[in-house]
Amino acid sequence: MTSPAFGPATSDYSGRWLARKRRTSLVLAAVLAIATGAAVAVAMRPTGTSTQSVAAPGFSLVDARNPRVTVDLGDRVGHAAVVTFLASWCDPCRAELPTFAKVAATGANGVRFFGVDTKDSDTQGPAMLTASGVGFPVGADPEGAVAERYHVEGMPTTVFVAADGHIDQTVTGPLDGATLARNLARITPR
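Quick look at the structure, then.

What counts as what
- Residues numbered from 1 in each chain as written.
- Predicted model: local features only at pLDDT ≥ 70, side-chain atom pairs only at ≥ 80, totals over all residues.
- Heavy atoms only, no water.
- Helix = DSSP H or I, 4+ residues; strand = E, 2+ residues; numbered from the N terminus.
- Buried < 20%, exposed > 50% of the residue type's maximum accessible area, 1.4 Å probe, protein only.
- Areas by Shrake-Rupley, 256 points an atom, 1.4 Å probe, with all protein chains shown as cover.
- Core = buried A, V, L, I, M, F, W, Y, C linked by side-chain atoms within 4.5 Å.
- Contact = heavy atoms within 4.5 Å.
- Pairing = 2+ DSSP bridges.
- Right-handed = clockwise from strand over helix to strand, strands pointing away.
- Axes fitted to C-alpha atoms, helices over the stretch in contact; angles between N-to-C directions.
- Parallel < 35°, antiparallel > 145°, perpendicular 65-115°, else oblique.
- Left-handed = near helix turned anticlockwise from the far one by under 90°.

Points about the overall build of the protein
- Along the protein, the regular secondary structure elements total 5 helices and 10 strands.
- Counting only residues that meet the buried cut, the protein has 36% of its 190 residues in that class.
- Carbon and sulfur atoms make up 59% of the accessible area of the protein, which totals about 10800 Å².

Concerning the nonpolar core
- The biggest cluster of nonpolar side chains holds 23 residues, and the ones touching the most others in it are Val 82, Val 111, Phe 113, Leu 129, Phe 160 and Leu 184.
- Those elements that place two or more of their residues in this core are strand 6 (81–86), helix 2 (91–105), helix 3 (124–132) and helix 5 (177–187).
- Top contributing element to this core by residue count: helix 2, with 4 residues.
- Apart from residues no more than four positions distant in its own chain, Val 82 is found in contact with Phe 100, Val 111, Arg 112, Phe 113, Phe 114, Thr 158, Val 159, Phe 160, Leu 184 and Ile 187.
- Residues Leu 61, Val 71, Leu 73 and Ala 81 belong to the second largest nonpolar core, which totals 16 residues.

A closer look at the environment of Thr 170
- Assignment of secondary structure puts Thr 170 in strand 10 (residues 167–172).
- A relative accessible area of 8% places Thr 170 in the buried class.
- Counting along the chain gives 18 residues from Thr 170 to Val 152, while the straight-line C-alpha distance between them is 9.0 Å.

Considering the pairing of strand 6
- With 6 of 6 residues buried, strand 6 is to be regarded as a mostly interior element.
- Of the two faces of strand 6, both are covered, the one formed by Ala 81, Val 83 and Phe 85 as well as the one formed by Val 82, Thr 84 and Leu 86.
- As defined by bridge partners, strand 6 adjoins strand 7 (residues 112–118) across 6 bridges and the pair is classed as parallel. Looking at strand 7, one finds that Val 83 is bridged to Phe 114.
- Following the chain from strand 6 across helix 2 to the adjacent parallel strand 7, one finds a crossover that is right-handed.
- Where strand 6 meets strand 9 (residues 157–161), 5 bridges bridge the pair, whose relative direction is antiparallel. Considered in strand 9, the bridge of Ala 81 is made with Val 161.

Considerations on the packing of helix 2 against helix 3
- Their axes nearest at 9 Å, the elements helix 2 and helix 3 cross at an angle of 50 degrees. With respect to each other, helix 2 and helix 3 are oriented oblique. Once helix 2 is placed against helix 3, the crossing between them reads as right-handed. Contacts from Arg 94, Leu 97, Pro 98 and Ala 101 of helix 2 reach helix 3 at Met 128, Leu 129 and Ser 132.

So, in structure tokens, the structure goes:
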């Protein structure tokens, strides 16, 4: 018995070989379907919000606009804080920054605002901050080390820190003024 595509084969060997090939093909197809489905699920995941009860990791970064100044999360001791992870290459970050700048400028009931300019250029990050009217401190995180400690999964990400230093909530995705105000109310002392 000769198979034109696979050469000579005995019927017993050929049957086992074809069965093994079919099983392998089915397994590969299943793995591919699962992997593709997982990739689609990750790509289609909606903007997320998570509530955590862990201490906010401390950080001390060089200011993105002035290398002689340090941005230190410790500056918020006893105050609630908002830490926003942003970058000039992130269009939703650019879109939400003017809102953050306005809210931060009002004092927001004593809530301190901090930015972390993540994996950005030395010139484009500061230019974006200036164009957006950002007056709150923004540290440069060129390697993304602080973003990694905060488990940032996408940009922008905003972390709301209660006055006791614990993370109240993390929101991945852009925030409008109303959503920002609602989340600020959660961490503002009453």
